[in-house]
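Here are the chains, one letter per residue:
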Amino acid sequence: MIQFIVATHGPLAAALLESGEMVYGELPNLRAVCLTGERGIEGFRHDFTTALAQASEGASGILVLCDMQSGTPWNVACEAAFNPLTQPPIAVVAGVNFPMLLQTDEVAELDDVQHAAAQLLELTFPTLIQARPVVTEQTDDF
C-alpha cells in the first residue's frame, strides 16, 4: 500500500489534511509536514524524516505531495527519493491541491509508487479548470 506525505510551506499541508478529514473522515495513509519560520529548514528536515519513518512501516512506497517544485519541501523530499538506500521507494510530485489529496484513495492500493504518482497526476489534471460563463440558457428540466 502507498502511504502519502503532504509537504508544504506554511500550514497548507495541515489545512489540506484537516479539510480532507472533514470530507472523508480519518485519513490514516496521509501525513502532513509543514515548513514554518519558527522551525526553519532543519526543523522541517527533522519532521519530514520522522514522518517518512512512520509512513514507511509496511508501505510499498511513499508518495510525497509538495506545494511547489524547487522549494525546501520539494528539495528535502527529492533528497530522500533519489537516495539509493531509501526504502521503500519514494515518488515526489508538485502542485498538491484539495482534489489531488482526495484522489489519493484511488491510488493507495497500487504497488508501484511511480505508477501511483503518474496515475494521481492524471486523475487530478481534469480538476484544474477555469470558470467560464454559461453560453446556453439553462432550464429547470432535469
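Structural data are supplied above this passage.
Quantities reported herein were computed from a predicted structural model and do not represent experimental measurements.

## Observations regarding the environment of V6
Within the secondary structure layout, V6 lies in strand β1 (residues 2-9). A C-alpha to C-alpha distance of 16 Å links V6 and E79, two positions 73 residues apart in sequence. Dropping the residues within four chain positions of it, V6 is found in contact with A13, L16, L17, L30, R31, A32, V33, L65, V96 and L101.

## Thoughts on the packing of helix α1 (residues 12-24) against helix α4 (residues 98-107)
Relative orientation of the contacting elements α1 and α4 amounts to 55°, with a least axis distance of 10 Å. One way to sum up the angle between α1 and α4 is to call them oblique. With respect to the hand of their crossing, α1 and α4 are arranged in right-handed fashion. Residues L16, L17, S19, G20, V23 and Y24 of α1 lie in contact with α4, whose contacting residues are F98, L101 and L102. Considering only residue class, the contact of α1 with α4 consists of seven nonpolar, two polar and no charged.

## Comments concerning the sheet that holds β1
One open sheet holds the four strands; their spatial order is β2-β1-β3-β4, and the pairing between them is parallel. Each edge of the sheet is formed by a strand with only one pairing partner; in this case those strands are β2 (30-35) and β4 (90-94). On average, adjacent strands in this sheet sit at an angle of 20° to one another, irrespective of strand direction. By the bridge criterion, six bridges tie β1 to β2 in an arrangement that is parallel. Bridge pairing in β2 links V6 to A32. In the packing of helix α2 (residues 40-56) onto the sheet, contacts are made with β1, β2, β3 (61-66) and β4, and the angle to β2 comes to roughly 170°.

## Quick look at the pattern of salt bridges
Applying the stated criterion across every chain, the model contains three salt bridges. A salt bridge links E42 to R45, with the nearest nitrogen and oxygen atoms 3.7 Å apart. Taken together, the residues span about one helical turn, with E42 and R45 both in helix α2 at a distance of three residues. Between R45 and E79 there is a salt bridge; the shortest N-O distance is 2.6 Å. Of this pair, R45 sits in helix α2 while E79 sits in helix α3 (residues 72-81), and the two are 34 residues apart along the sequence. Counted as one network, the salt bridges with shared partners bring together E42, R45 and E79.

Rules of the game
- In this numbering scheme, every chain counts its residues from 1 along its sequence in written order.
- With the structure being a predicted model, the display of local features is reserved for residues of pLDDT at least 70 and the display and counting of side-chain atom pairs for 80 or more, all residues being used for whole-chain, interface and lining totals.
- To obtain the side-chain values, all non-hydrogen atoms of the structure were used and water was disregarded.
- Put simply, DSSP marks the helices as runs of H or I at least four residues long and the strands as runs of E at least two long, and each gets a number from the N terminus on.
- When checking whether two residues touch, look at their non-hydrogen atoms; a contact exists if any pair is within 4.5 Å.
- Note on geometry: axes are lines fitted to C-alpha atoms, helical ones only across the stretch in contact, with angles between N-to-C directions running from 0 to 180 degrees.
- Note that the term roughly parallel is reserved for angles under 35 degrees, roughly antiparallel for angles over 145, roughly perpendicular for angles of 65 to 115, and oblique for everything else.
- Two helices crossing with the near one rotated counterclockwise from the far one by less than a right angle form a left-handed crossing, whereas a clockwise rotation gives a right-handed crossing.
- Asp, Glu, Lys and Arg are counted as charged, while Ala, Val, Leu, Ile, Met, Phe, Trp, Tyr, Cys and Pro are counted as nonpolar; the rest, among them Gly, fall into the polar class.
- A strand pair is defined by DSSP finding two or more bridges across the two strands.
- We count a salt bridge whenever a side-chain nitrogen from Lys or Arg sits within 4 Å of a carboxyl oxygen from Asp or Glu.

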